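Chain by chain, the residues run as shown.
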Amino acid sequence: MGKKSKSSSKGGAVKYIRDSDVPSLELRIGLKGTRTWVMSGRFGTATNPTRRLVGDADAMSADQARAKVLEWRALNRRGIDPMEEAIQVRLEEERLSRTTFRKAMEDYVAWMPSRPNSRNASADQKLCRREFLDAKRNPWIDKPLNKITLVNAQDLIEAIRDRGAQTEAFNSLSRLKTFFNWTLKGKRSEAYGISDSPIRNLKHSDLLLEKRKRKRKHDSNEIRAYWAASELMADPWKSFFQALLLTGQRNREVREAVWSEFDFKTRMWTIPAARFKSNREQLVPLSVPMMQMLKRIQSQQSPDHGPYVFSTTDGWKQISGISNATDEFRQKVMEIYTETHGKAPEHWVLHDDRRTVRSGLSNIGVPKDVAEAVIGHVQKDLEDTYNTHSFKIQRRQALHLWAEELKYVIDDPERSLDNEENELPDWPSRWNQAKPDAGKPEDFQ
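A brief report on the enclosed structure follows. This structure is a prediction, so every number in the text was calculated from the model and none was measured.

Points about the environment of F179
Link 1 in the chain: Checked against the element boundaries, F179 lands in helix α6 (residues 166-183).
Link 2 in the chain: Apart from the residues within four sequence positions on either side, F179 is in contact with F101, A104, M105, Y108 and L145.

Below you can see the structure in the form of structure tokens.
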């Protein structure tokens, strides 16, 4: 310290010792020997000089005091009062402390339906609420977002994995990484006070996670039980479950089907890109039983029916309550299968229908590329080379062959999908007593 300056007060004198390195810094020694650092100068836009407390000299070193005074001087040169700046910093810290993971995740969940590809928004919302917004599963749910660490996230995902939910853990990590990337976009980064994702470099393989590919499909015995059980269901569920097995399309694409998508003259169902998972138009040729089914449904609807094909409200709303209906249907399948075979079938899900169709197409000799196109798995290189109408004729033949093979299996207890010597059917269709006249949909009634 350098020069000394004294100031009088009642009962004694207060000493000020000016720092030789940073002149505006002074060591104040009070009447009782209390030592504090102070800064002397004009603060903010003030015209008169004054002194401000910098800190306790017993707790703050001279170098720390100098650094703080230099910081204050830099603010003063910009006309900013350091005390007001400190207040703003404290308020911002308080705001960010209220910007918790819970708040940000709730914002993200609410935003999901408006994202460009929102087909799976509902399922993703349920996953986030289940795994991230449940305080029993997420112990750091109310922690400030910018304080979330890699360890926090890794512990949470490992807990999901260790309870035996391998696929759930895989999907949860994917969704959590997407969430943090979402918080970094545009104004959200400033609003949430976050500058980087704590799990940017965390990979699924780091946590021994891999996406399990389900391989289950129905065998011939299960198909017979499936079809028999569907006949016991009331419409529209009867037709819905049968349509899944006849077309191989996803259950949501079938549930949301509207009459305008069907052309009876050309016997073609065109699923628009907006409704199809890969965001491209999907062509589904209508086999004989699908035409029969659609005509039957249409005949049961009133003249002023709504747009939806599978509906309990005369077409004005798509069918809902699929979970309960599927549970009821699965129970009927189990009862029929058990009665015939003395044991229950393995647990199955509706998506197994697609694998059944895809496998069945290969079994009856449909080329791989055509079989993939039937269920909507067109490879990128083929899609770039051909338009959405590629394999249209081959798809029609494939679904005709599949429908005929289904009929053989349903009618003949000895028929097996795995028999490589199965005969390929010709017209007349086994679903009709006579060969249909092409271009006359009334023949399918």
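Side note on the sheet that holds strand β7 (residues 268-271)
Hydrogen bonds between backbone atoms are what pair the strands of a sheet, whose relative direction is either parallel or antiparallel.
Link 1 in the chain: In spatial order, the strands read β6-β7-β8; together these three strands make up an open sheet with antiparallel pairing. One side of each edge strand has no neighbouring strand; the edge strands of this open sheet are β6 (262-263) and β8 (282-285).
Link 2 in the chain: Here β6 pairs with β7 via two bridges, running antiparallel. Looking across to β7, one finds that F262 is bridged to W269.

Re the packing of aromatic side chains
Link 1 in the chain: Scanning the entire structure with this criterion turns up 21 aromatic pairs.
Link 2 in the chain: On the numbers, 5.9 Å between centres and 20° between planes, the contact of Y108 with W111 is stacked. Of this pair, Y108 and W111 both sit in helix α3 (residues 101-111), separated by three residues, roughly a single helical turn.
Link 3 in the chain: Here W111 falls in the partly exposed class, since its relative accessible area comes to 29%.

Focus: the pattern of salt bridges
Link 1 in the chain: With the rule as written, the count across this model stands at 29 salt bridges.
Link 2 in the chain: For the salt bridge of R18 with E26, the shortest nitrogen-to-oxygen distance reads 3.8 Å.
Link 3 in the chain: A relative accessible area of 1% means that E26 is categorised as buried.
Link 4 in the chain: Across the pair R175 and D124 runs a salt bridge whose closest N-O atoms are separated by 3.2 Å. With R175 in helix α6 and D124 in helix α4 (residues 121-131), this pair connects stretches of sequence that are 51 residues apart.
Link 5 in the chain: One salt-bridge network, in which partners are shared between bridges, spans R130, E131, R137, R163 and E168.

What counts, and at which threshold
- Residues numbered from 1 in each chain as written.
- Predicted model: local features only at pLDDT ≥ 70, side-chain atom pairs only at ≥ 80, totals over all residues.
- Heavy atoms only, no water.
- Helix = DSSP H or I, 4+ residues; strand = E, 2+ residues; numbered from the N terminus.
- Contact = heavy atoms within 4.5 Å.
- Pairing = 2+ DSSP bridges.
- Phe/Tyr/Trp six-rings, centres within 6.5 Å; stacked < 30°, edge-to-face > 60°.
- Buried < 20%, exposed > 50% of the residue type's maximum accessible area, 1.4 Å probe, protein only.
- Salt bridge = Lys/Arg side-chain N within 4 Å of Asp/Glu carboxyl O.

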